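# Examining the three-dimensional arrangement
Single-letter residue listing:
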Amino acid sequence: MAFEAFYRRHVDAVLKFVVRRVSDPHLAADLTADIFLAVLDSADTYSPGRGSEIAWLYGVARNVVSAQYRKASREARATGRLAGRRLMDDDDFARMEERIDAERQMRSALEAMEGLPEGERAVLELVAIDQLTVTEAAEALGIRQVTARVRLHRARRALAHFTSPSAVYSEGRA
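Reading the values: rules and limits
Residues numbered from 1 in each chain as written. Predicted model: local features only at pLDDT ≥ 70, side-chain atom pairs only at ≥ 80, totals over all residues. Heavy atoms only, no water. Core = buried A, V, L, I, M, F, W, Y, C linked by side-chain atoms within 4.5 Å. Buried < 20%, exposed > 50% of the residue type's maximum accessible area, 1.4 Å probe, protein only. Helix = DSSP H or I, 4+ residues; strand = E, 2+ residues; numbered from the N terminus. Contact = heavy atoms within 4.5 Å. Axes fitted to C-alpha atoms, helices over the stretch in contact; angles between N-to-C directions. Parallel < 35°, antiparallel > 145°, perpendicular 65-115°, else oblique. Left-handed = near helix turned anticlockwise from the far one by under 90°. Nonpolar A, V, L, I, M, F, W, Y, C, P; charged D, E, K, R; others polar. Patch = residues over 30% accessible without salt bridge, like charges linked within 9 Å, V, L, I, M, F, W, Y side chains within 5 Å. Areas by Shrake-Rupley, 256 points an atom, 1.4 Å probe, with all protein chains shown as cover. Salt bridge = Lys/Arg side-chain N within 4 Å of Asp/Glu carboxyl O. Lys, Arg positive; Asp, Glu negative; His and termini not counted. Charge placed at Lys NZ, Arg CZ, Asp CG, Glu CD. Phe/Tyr/Trp six-rings, centres within 6.5 Å; stacked < 30°, edge-to-face > 60°. Lys NZ or Arg CZ within 6 Å of the ring centre and 35° of its normal.

### Notes on the nonpolar core
Counting residues in hydrophobic clusters, the biggest one holds 17 residues, and the most contacted among them are Val18, Ile35 and Leu57. Secondary-structure elements contributing two or more residues to this core are helix H1 (2-19), helix H2 (25-41) and helix H3 (53-82). Beyond its immediate chain neighbours, meaning those up to four positions away, Ile35 contacts Val14, Val18, Leu57, Val60, Ala61 and Val64.

### What to know about the packing of H1 against H2
Interaxial distance between H1 and H2 falls to 10 Å at its minimum, and their mutual angle equals 135°. The pairing of H1 with H2 is recorded here as oblique in orientation. As H1 runs across H2, the sense of the crossing is right-handed. In this structure, H1 contributes Phe3, Phe6, Tyr7, His10, Val11, Val14, Leu15, Val18 and Val19 to the contact, and H2 contributes Ala28, Leu31, Thr32, Ile35, Phe36, Val39 and Leu40. Considering only residue class, the contact of H1 with H2 consists of 14 nonpolar, 2 polar and no charged.

### Topic: a positive patch on the surface
Among the surface-exposed residues, Arg70, Lys71, Arg74, Arg77 and Arg81 lie close enough to one another that they form a single positively charged patch. By secondary structure assignment, the location of Arg77 is in helix H3.

### What to know about a nonpolar patch on the surface
Taken together, the side chains of Met88, Phe93, Met96 and Ile100 present a nonpolar region at the surface, about 350 Å² in accessible area. As for its placement among the helices and strands, Ile100 is situated in helix H4 (residues 90-113). Owing to a relative accessible area of 40%, Ile100 belongs among the partly exposed residues under this scheme.

### Focus: the packing of aromatic side chains
This structure, assessed with the given rule, holds 7 aromatic pairs. Arranged with centres 5.3 Å apart and planes meeting at 50°, the rings of Tyr46 and Trp56 form a pair that is tilted. With Tyr46 in the loop between H2 and H3 and Trp56 in helix H3, this pair connects stretches of sequence that are 10 residues apart. What makes Tyr46 partly exposed here is its relative accessible area of 26%. We classify Trp56 as buried; its relative accessible area is 19%. Through successive ring pairs, a cluster of aromatic residues spans Phe3, Phe6, Tyr7 and Phe36. One Lys or Arg, Arg21, reaches over the ring of Phe17 and ends 3.7 Å from the middle of that ring.

Function-wise, these values are silent; they only describe arrangement.
The structure is reproduced here in structure tokens:
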């Protein structure tokens, strides 16, 4: 009963306070309700010796409206960061998962390659990762083509159980 009387005494003043600060009637009604809910939650903090109930009520109202402005500002910044960016659809997620799986496989292959002798690893990297032909890899390493082929064969055989055959046995570009 006491709250109902308090509400009836001050609802018009609170609504006017809110309407001067926001232009959306639905938001004004919601904020007015939020203010009176906040009053209920913090009723034990009111002390008549520190000021009138209307002054305390306006303090609560100011805090609720300020919190709304802060929330709206955060939402506007978040919306601004997303503006102009296309959100991912199901196809994008599928492509992303494929990339992650492919990179996971590549990381495993690179880890396995660390155990190879330097010459074998260098040829394999140039052919399988950098997509050079065996001839180009041999030229880049300053070795004969037959030496590059032998090293590539040894590296592939050593790594066969770590990666898929298509990744290990790629001959580079044509």
